[in-house]
Amino acid sequence: MSPPVAPPGWSRWLVPPAALSIHLSIGQAYAWSVFKPPLESALGLSGTQSALPFQLGIVMLGLSAAFGGTLVERKGPRWAMTVALLCFSSGFLLAALGASLEQYWLIVFGYGFVGGIGLGIGYISPVSTLIKWFPDRPGMATGIAIMGFGGGALIASPWSAQMLESFGTDSSGIALAFLVHGLSYAVFMLLGVLLVRVPSSAPGVRGTAGEAPTGPQVSANQAIRTPQFWLLWIVLCMNVTAGIGILEKAAPMITDFFADTSTPVSVTAAAGFVALLSAANMAGRIGWSSTSDLIGRKNIYRLYLGVGALMYALIALFGDSSKPLFVLSALVILSFYGGGFATVPAYLKDLFGTYQVGAIHGRLLTAWSTAGVLGPLIVNWIADRQEEAGRHGASLYGLSFVIMIGLLVVGFVANELIRPVDPRHHVPAPKEAAHVRRQRSESA
């Protein structure tokens, strides 16, 4: 499947909606916490066990992005979006079968393993293309697309909650909800597959594929040999771990925090909280990433990590005494979480150039795989142990939040250590020119 080339007069503003159709779909992953209580009740699972499909999905996201990044660069966005559609939708259909048969391993395999591959390939599918279309505003361009991944749960959370209410929260009701998800997302993702285009090689066109790269250019294989790559890996991993720790357990967490108060949180309100977090995640992706075009990537990550640690401290100290404070602090953390994802492709472009930025981005997302295990594991495992010790309410999460503060401080220090890449890692100019010629011939 050759990359579809934009015809003369094609508007570059049609590319972000194509990316959004993919990212809004795979962003359903952030609504997984809506399924946790029903699965725990229907199949007799612990909180740690019910997090496993989500954790495996994030692990496979990072691994498939890392191993498939170079292939996505070579075969183009339409091929990648098609693979994402097939894997993500098939994952839901396998999960539906698993729920119907009450075979939890099949839910884990379908949603986590197969669907997770769709997450990874779909996530990186438009990034390199968008940077080529918007060389003047890379933070904004990637923010628009990646905004969809953060906003997917804004749609999926209330939609999933309504389906579970209509179909029931037993295994057959969960199976039917998974089935509807799989079929609906397949149709929606197809819009992106049909709409996406790569830049023309015609000279003088903004986003032209034939333009020679400017500034430092580093190959994907060379990038992973630089300290800058691994420092940014730590930055992303720490920021994601802190955000995903709240996001994966959002619905039960807010219920637990206020269970012993005079105003407990209902199931419907908890689902609404998940949707609010999704909105903050989505807004942060476009808002903070666009801001990074003005103040720089290092400065914006100082904000994410430093103020994020402060927000966690406020929740740990005062969150159970004030719902507005708990909700507002969580919204700020999730806006930073989303902003970190949307800003990192532009940070990579600044450090390594556009030469193989998509493949480098794919390798960096192994940090997300690690964080996808760490964040839910820290929060769920500690909460389970605290519950076994007879604790309840907000005390289930105090130690987890202290750990998250420490991780954000580690990320802050790593960001401070990032410097420009040494010229010895740069790709020689003749190789850059050959790469451009190859792009031009593949697009023809």
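Small disclaimer: the values here were computed from a predicted structure and weren't measured.

Asker: Residue-level account of a nonpolar patch on the surface, with values.
Answerer: The grouping of Leu 93, Phe 167, Leu 176, Leu 179 and Leu 183 at the surface amounts to a nonpolar patch, some 400 Å² of accessible area in total. With three residues, the single largest contributor to the nonpolar patch is helix H9 (residues 171-195). Along the polypeptide, Leu 176 turns up in helix H9. With relative accessibility at 37%, the residue Leu 176 sits in the partly exposed group.

Asker: So what about unusual backbone geometry? Which residues, and what values?
Answerer: Positive phi is not limited to glycine here, since Glu 102 has a value of about 60°. By secondary structure assignment, the location of Glu 102 is in the loop between helix H5 (77-101) and helix H6 (104-124).

Asker: Could you give me a rundown of helix H14 (residues 297-318), with the residues and numbers involved?
Answerer: The periodicity of an α-helix, 3.6 residues per turn, causes residues three or four places apart in sequence to face the same way. Compared with an ideal rise of 1.5 Å per residue, which puts 22 residues at 32 Å, H14 spans 31 Å between its outermost C-alpha atoms and is within 8% of the ideal. Restricting attention to buried positions, one finds in H14 the residues Arg 297, Ile 300, Tyr 301, Tyr 304, Leu 305, Gly 308, Ala 309, Met 311, Tyr 312 and Ile 315.

Asker: Got a sec to walk through the side chain of Ser 335? Specific residues and values, please.
Answerer: Note that Ser 335 resides in helix H15 (residues 323-352). A polar contact is formed between the side chain of Ser 335 and the backbone oxygen of Val 332, at a distance of 2.8 Å. In this structure, Ser 335 is in contact with Ala 280, Asn 281, Gly 284 and Trp 288, ignoring residues within four places of it in sequence.

Asker: Describe the environment of Phe 88, with residues and values.
Answerer: Considering the arrangement of structural elements, one finds Phe 88 in helix H5. With a relative accessible area of 3%, Phe 88 lands in the buried category. C-alpha of Phe 88 to C-alpha of Ser 289: the two residues are 201 residues apart in sequence and 27 Å apart in space. Excluding its chain neighbours within four sequence positions, the residues that come into contact with Phe 88 are Ser 25, Ile 26, Gln 28, Gly 115, Gly 118, Leu 119, Tyr 185 and Met 189.

Asker: I'd like a description of the environment of Leu 277, backed by residues and values.
Answerer: Topologically, Leu 277 is positioned in helix H13 (residues 267-295). A sequence separation of 56 residues divides Leu 277 from Ile 333, and the C-alpha atoms of the two residues are 9.1 Å apart. When near neighbours in sequence (up to four residues on either side) are disregarded, Leu 277 contacts Ile 246, Leu 247, Ala 250, Ala 330, Leu 331 and Leu 334.

Asker: Explain the nonpolar core to me, using residue names and the numbers behind them.
Answerer: Ranked by size, the top nonpolar core spans 122 residues in total, and within it Phe 178 and Trp 368 carry the most contacts. Looking at this core, the element that brings in the most residues is H15, giving 14 residues. Counting twelve residues, the second largest nonpolar core, distinct from the first, contains Ala 6, Leu 20, Ala 141 and Ile 144.

Asker: Give a description of the pattern of salt bridges that names residues and reports values.
Answerer: This model, assessed by the stated rule, comprises eight salt bridges. For Arg 137, the salt bridge goes to Asp 136, with nearest N and O atoms at 3.9 Å. By relative accessible area, Arg 137 is classed as partly exposed at 35%. Taking the shortest distance from any N to any O, the salt bridge between Arg 424 and Asp 422 comes out at 3.8 Å. We classify Asp 422 as partly exposed; its relative accessible area is 36%. Residues joined in a network through salt bridges with shared partners are Arg 12, Asp 136 and Arg 137.

Asker: Give me the packing of H5 against H6: which residues, what numbers.
Answerer: Axis angle and axis distance: for two packed helices, these are the angle between their axes and the distance between the axes, and together they describe the pair. At a minimum axis distance of 7 Å, the contact between H5 and H6 shows a crossing angle of 165°. One element, H5, and the other, H6, form an angle in the roughly antiparallel class. Crossing of H5 over H6 shows left-handed handedness.

Asker: Residue-level account of the packing of aromatic side chains, with values.
Answerer: In this structure the tally under the stated criterion is 32 aromatic pairs. Ring geometry for Phe 257 versus Tyr 397: centroids 5.8 Å apart, planes at 20°, classification stacked. With Phe 257 in helix H12 (residues 250-257) and Tyr 397 in the loop between helix H17 (366-388) and helix H18 (398-416), the pair connects residues that are 140 residues apart, well separated along the chain. One exposure class covers both Phe 257 and Tyr 397, and it is buried. Consider the rings of Tyr 304 and Phe 336, whose centres lie 5.8 Å apart with planes at 45°: the pair is tilted. Taken as a pair, Tyr 304 in helix H14 and Phe 336 in helix H15 lie far apart in primary sequence, 32 residues in all. Across this residue pair, the class does not change: Tyr 304 and Phe 336 are buried. A network of ring pairs unites the aromatic residues Trp 32, Phe 35, Phe 88, Phe 92, Tyr 111, Trp 159, Phe 178 and Tyr 185 as a single cluster.

Definitions and cut-offs
- Residues numbered from 1 in each chain as written.
- Predicted model: local features only at pLDDT ≥ 70, side-chain atom pairs only at ≥ 80, totals over all residues.
- Heavy atoms only, no water.
- Patch = residues over 30% accessible without salt bridge, like charges linked within 9 Å, V, L, I, M, F, W, Y side chains within 5 Å.
- Areas by Shrake-Rupley, 256 points an atom, 1.4 Å probe, with all protein chains shown as cover.
- Salt bridge = Lys/Arg side-chain N within 4 Å of Asp/Glu carboxyl O.
- Helix = DSSP H or I, 4+ residues; strand = E, 2+ residues; numbered from the N terminus.
- Buried < 20%, exposed > 50% of the residue type's maximum accessible area, 1.4 Å probe, protein only.
- Expected span 1.5 Å × (residues − 1).
- Polar contact = N/O pair within 3.5 Å; in protein donor to acceptor, adjacent residues only side chain to side chain.
- Contact = heavy atoms within 4.5 Å.
- Core = buried A, V, L, I, M, F, W, Y, C linked by side-chain atoms within 4.5 Å.
- Axes fitted to C-alpha atoms, helices over the stretch in contact; angles between N-to-C directions.
- Parallel < 35°, antiparallel > 145°, perpendicular 65-115°, else oblique.
- Left-handed = near helix turned anticlockwise from the far one by under 90°.
- Phe/Tyr/Trp six-rings, centres within 6.5 Å; stacked < 30°, edge-to-face > 60°.

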